[in-house]
Structures are given as C-alpha cells and as structure tokens.
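# Residue-level structure breakdown
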Amino acid sequence: MGPVLAVLEMNANQLTDASQELVTKAKSLADELGTTAMAVAFGDEIGDAIRTLDVGKVVVIGGPAVTSYASLVYEEALEKVLAELAPALVLLANSTMGMDLGAALAARTGKPMLAYATALAVDDSKQLVATSQVYGGKLLAEVQLPTEGTIVTVIPGSWPASGTSGTPQLEDITAEMVPGVEVVRVMEEDSGADVDITRAEILVSVGRGIQDPENLELAEELAQAIGGAVSCSRPVVDAGWLSRSHQVGKSGKTVKPKLYLALGISGAPEHLQGMKDAELIVAVNSDGKAPIFDVAHFGGTADILDLMPALTERLQGRGQ
Amino acid sequence: MKIAVLIKDVPDLVEELELTEEGRLAVDDMSFVPSEWDDQALEEALILKEGDAGSTVTAVAIDTGDVDNMLFTALAKGADRGVKLVGDFNREMSNRARAEVLAHYCHTEGFDLILTGVQAIDDLDGQIAGLVAGRLGAAHASVVRDVALGSTSVTCIQEYSGGKMAELRLTVPAVLGIQAAQKTPRYVTVSKVRQMQKSASLEEIEGESSEAPALEIRRLYPPVASSHAEMWGDDVEELADRIVNLLEEKKLLRS
C-alpha cells in the first residue's frame, strides 16, 4: 500500500493548525494501515517548520514559482509528486487552497474525492471509513474510501494535533512556472477596521436573523451596554451590512471570547469553525433545531429584534 | 466575454431532511431550491455583463429534475440563454458525474469565463469549480469575489482564512468558484418569471456523460450532538433576565 500523504499549508513559513492536524491523522492512519506517513509542503524557507514532523518523508516543493499560492503551479507540481509516490490517501485541509487543489487534482488524476471530512478511521474489517458533514451540517455521510489515491479535504479543527516529532527524510524539488494564474498582490484585511474582534472579551454576533441593516443599531447598542464588540456571520458581510473585519468563521476570523452571544445565527459549519471554542456561548435563534445550539451552552428561541432592546435596557439599568 | 454560469438546485434546508430506511435522502418528498452560492455566481455574471456590452451570460443546468423554473428565473434576471443539459440524469447524480457533463458542454461551447458557486450543501465528492476546471485543464480559483473582466484575462480577489486575500489574474478560459457577488442577488417576481416562460424558451442540449469515480456512501444520518445548549424557551423577558443573571454569575458584567 502507498503512503498516507498530507498536503501542508504554511502561513508565514509556519505550519497552519489545520496542517498539523493532517500530519497527526496521516501518521495514525498510516500506522493502522501498515504503511508510511508522508507530507508535501511548498516554500523555500520552511525547513524549521517541517524538519521534525512525525512522518517518514517530506517532499519540499520550492523555487520562485511557489512564492505565492497559485492553483495551477501547485497542482501541476503535486500531480508529479502523486505520480511518483502513488499514495493510498491524500489529505488536504478544506481551506481555499484545499478546495482549489482537492477537486482539480481529483479531476486531473481521475481519483475519487471526498470533501468536508470530519473523521477518518480504519474500521474492524480494515476498511478506511470517513465521515463528512453535508447539508449545512444537518446530516453526516459515512463513506467507505478506497486506498488507491483517494483525495480527502478535511474540515479544520476536526481532531486535535498530537505534536509528536520525528526525523523525516527530506526531498527537495523545484516547481515549474505554469502560466494561467498570476498573483498580482497579496493583501491583509483592510486596516481601516474599527475593531479587532479577535481581542474582544465579549462579542455580540449577528446573523441573517438581523433581517435589515437598520436593525444593526440594536446590536451596537447592546454591545455598548455589555462592554463588547459587534461581530457577524458571513451573510451579513455578503449583504454589505458590516465590513469583513467583523466576520467570524472559515473565511473570516477565529475568535475565542469569554462570551459569544450568537443572535439570529443558524450555525453553518463554516461559522462554527470560527467560534466553537469560545468560553461561553449563548445563542438565540427562532429555529430551535439550528446547529448553533449544538455548540452553545445556553439557548433561547425568542425573536432577537425584541430580545436585544430588552437586554440593553437591563444592562443599562444596572450601570446607573 | 462569453460567460457561463453553472447552477443547480439543492434540498431546501428550511424543511426537514427525510431519510429512507437505507439511509439515503428521500429526494422524491423534498422541495429543492437553487443553491445559494450559484445564485451569487449568477448575480456576479449579470453584473459583469452589465459592465461590458459585448458579454453574454448563459445559465446552464443539468436536467436532474425540475430545473426549468430555475433557468427561466435566470433569464428573467437578465441571462441571455438558458441551457438545460438533458439525458439519463437524476437527483442522486454525484458532483463528479455532473462535472463530466458540464466540462464536456463548456469545452464544446468554448466559454471564456465559467462561474459557479464556491460550494453547495451537497457536494460530498468535490466542488464543481475545481472539478470542471481540472477536466478542462483551465485556470481556476475558488472562494473568490470582485471579478473584473480584461481582454483575455479576468481578475478577482481570492480569500484565505484569517482575513488574508490575494488579487489574482487568470488567463481565459477560467473557472471561478464565487463566494459572494458584488451586490446582493437581485430578486425577480414570480409574474416576471411566468412571463419569461411564455415568451422565451430553454435550449435543450444532449449532455455527454462519461465514467466518473464514485464514492461508496454507507449511510446518511443526522449528527448526534455531543452536547446541546440548555434551552431557556422563547419568552423575551425571561430570556433577557436569565442572560443577565448568567453574566452576573460568570462575572462578565462591567462593575
């Protein structure tokens, strides 16, 4: 059987949390399947981050072509690595890069693919079985995976990273330039942000349930009364009601406040990814079956447009 | 530019998702709605067309059931063509199988730019943008917004986690998985869609399918949450009192 291969992502030459989780899983699955764990990473100055990974081998793809992430360069280089290593399983994070590369590599190589995995295990009959989160987190799919190069994208945070270390063999290769996708510039979130939601101890976070941008005032008044900041889920940003600096979730910020007050947020998997580790979560949503209640500690099903002023009034009353 | 938007419908999550005894979705009993991200892709395409007189927008759907209304809605919103790829397809068609049909059609038509939703709630075996791009060997990017047309290229913003992003320039033909359109998707009234059904027609084109890798799904099941919130009901006044008491107990109130 071929190796279990983790495709790693770096951020400022450091391994992302999601990548560390992939390495942990690659190692444990490889042990169970009786094969080797390997990893592949991109960049010229990543030696410190990968030298002690607990895998048998790390393929380091470097050169000027990989300075910034561009789908075609990365997938062409990866396709060659896959052809050489013939892995049993390829793990990627279900990130932007993973969504680009996972699907495209599967299509290019004709291998099966599974997206949104939250668990991977070897069952009693030695079959590799994955669990994936589909239909907005309302259903899980249990899927049997062939160990002949199946590509899996994993939702970050699905299991903890072990942090064990090893002494992998390192192989350096140079990526070729591939025309088609050019990175014009890389940007950070606009610095015009009025508040850093990752530093707030209390977040009043609003979702679709806010219904109208005029109702944001209610959230702002509540945030002020409670001594917190306003954050939101993706639909509020997409509607243009709040700037991206307020967004919690997969494509926004990951937050761990002392209190996360989720108002009118249903709890799509992409949102939960960014806030599930908050110390205390109180959710209010008209749909009592919303997935947000699976991560919240306390919940209610009142109309948030009535609740926000009621809370504000009580909190203001206390300060006087 | 010749722009295609690949759209599909998905189970309406507002309703309960019923399962069969075999652990499959009871698709016959469900209502379907256009995938929300495909709706964003359509809106972005229409905005691009409005800014470039020479561009056309073709809405493309595979006939896996009742997709006519979705395509007529796209026409009513401003798409130039509504294409229904017909064949022996059904609601349980995998994304890999869909990607084969869509890639074949897009290749035949020679679209410059192909937009689709960044993901859909049911794409267990891969997202359409990457799958179609991989089959076409085209430049591609997922999780993008703010698309702008050049003469032989397009630019867009690709988002990464933690608020990082990059401006990309892709040579056409290019495939983009749209996260969000520049504006909230437009709304058309039911009567306008009905008018369109009377005055316009959909192009029915035979979809070419080819073998695609399949996954063996053992079962679908609702997650058993390892925990659930302690629920405090729907009374506003009581809820507000309990939340304030909780904050006091946890010492989260400003003194």
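Before going into details, it helps to say that this report is about the structure given with it. Note that the coordinates shown come from a computational prediction; the quantities given were computed from them, not determined experimentally. (Residues numbered from 1 in each chain as written. Chains lettered and ligands numbered in written order. Predicted model: local features only at pLDDT ≥ 70, side-chain atom pairs only at ≥ 80, totals over all residues. Heavy atoms only, no water.)

## Notes on the sheet that holds strand E6 (residues 113–117) of chain B
One open sheet holds the ten strands; their spatial order is E12(A)-E9(B)-E8(B)-E7(B)-E10(B)-E6(B)-E1(B)-E4(B)-E5(B)-E11(B), and the pairing between them is mixed. Where the open sheet ends on each side, the last strands, each with one partner, are strand E12 (181–187) of chain A together with strand E11 (203–206) of chain B. Each adjacent strand pair in this sheet contributes to an overall mean axis angle of 35°, direction not counted. Note that E6 of chain B and strand E10 (residues 174–178) of chain B share five bridges and pair parallel. Bridging from a neighbouring strand, isoleucine 114 of chain B pairs with valine 175 of chain B of E10 of chain B. Strands E12 of chain A together with strand E7 (139–149) of chain B of the sheet are contacted by helix H3 (residues 71–85) of chain A, whose axis makes an angle of about 170° with E7 of chain B. (Pairing = 2+ DSSP bridges. Helix = DSSP H or I, 4+ residues; strand = E, 2+ residues; numbered from the N terminus. Axes fitted to C-alpha atoms, helices over the stretch in contact; angles between N-to-C directions. Contact = heavy atoms within 4.5 Å.)

## Comments concerning the nonpolar core
Among the nonpolar cores identified, the biggest contains 149 residues, and Leu145 of chain A together with Leu113, Leu170 and Leu176 of chain B are the most heavily contacted of them. With eight residues, H3 of chain A is the largest single contributor of residues to this core. In this structure, Ala223, Phe298 and Leu307 of chain A together with Ala240 of chain B belong to the second largest nonpolar core, which totals 39 residues. (Core = buried A, V, L, I, M, F, W, Y, C linked by side-chain atoms within 4.5 Å. Buried < 20%, exposed > 50% of the residue type's maximum accessible area, 1.4 Å probe, protein only.)

## A closer look at the interface of chain B and chain A
With 81 residues of chain B in contact, the opposing surface of chain A contributes 87 residues. Together chain B and chain A conceal approximately 7400 Å² of surface at their shared face, both sides included; 57% is due to carbon and sulfur atoms. Summed over the shared surface of chain B and chain A, the result is eleven salt bridges. The partner of arginine 208 of chain A in a salt bridge is glutamate 36 of chain B, with the nearest N and O atoms 3.1 Å apart. Here chain B and chain A share 38 residue pairs in polar contact (both at pLDDT 80 or more) between them. Those elements giving two or more residues to the side of chain B that touches chain A turn out to be helix H4 (128–136), E7, strand E8 (153–159), strand E9 (165–171), strand E12 (216–221), strand E13 (230–231) and helix H6 (236–249) of chain B. (Buried area = accessible area lost by both parts, 1.4 Å probe. Salt bridge = Lys/Arg side-chain N within 4 Å of Asp/Glu carboxyl O. Polar contact = N/O pair within 3.5 Å; in protein donor to acceptor, adjacent residues only side chain to side chain.)

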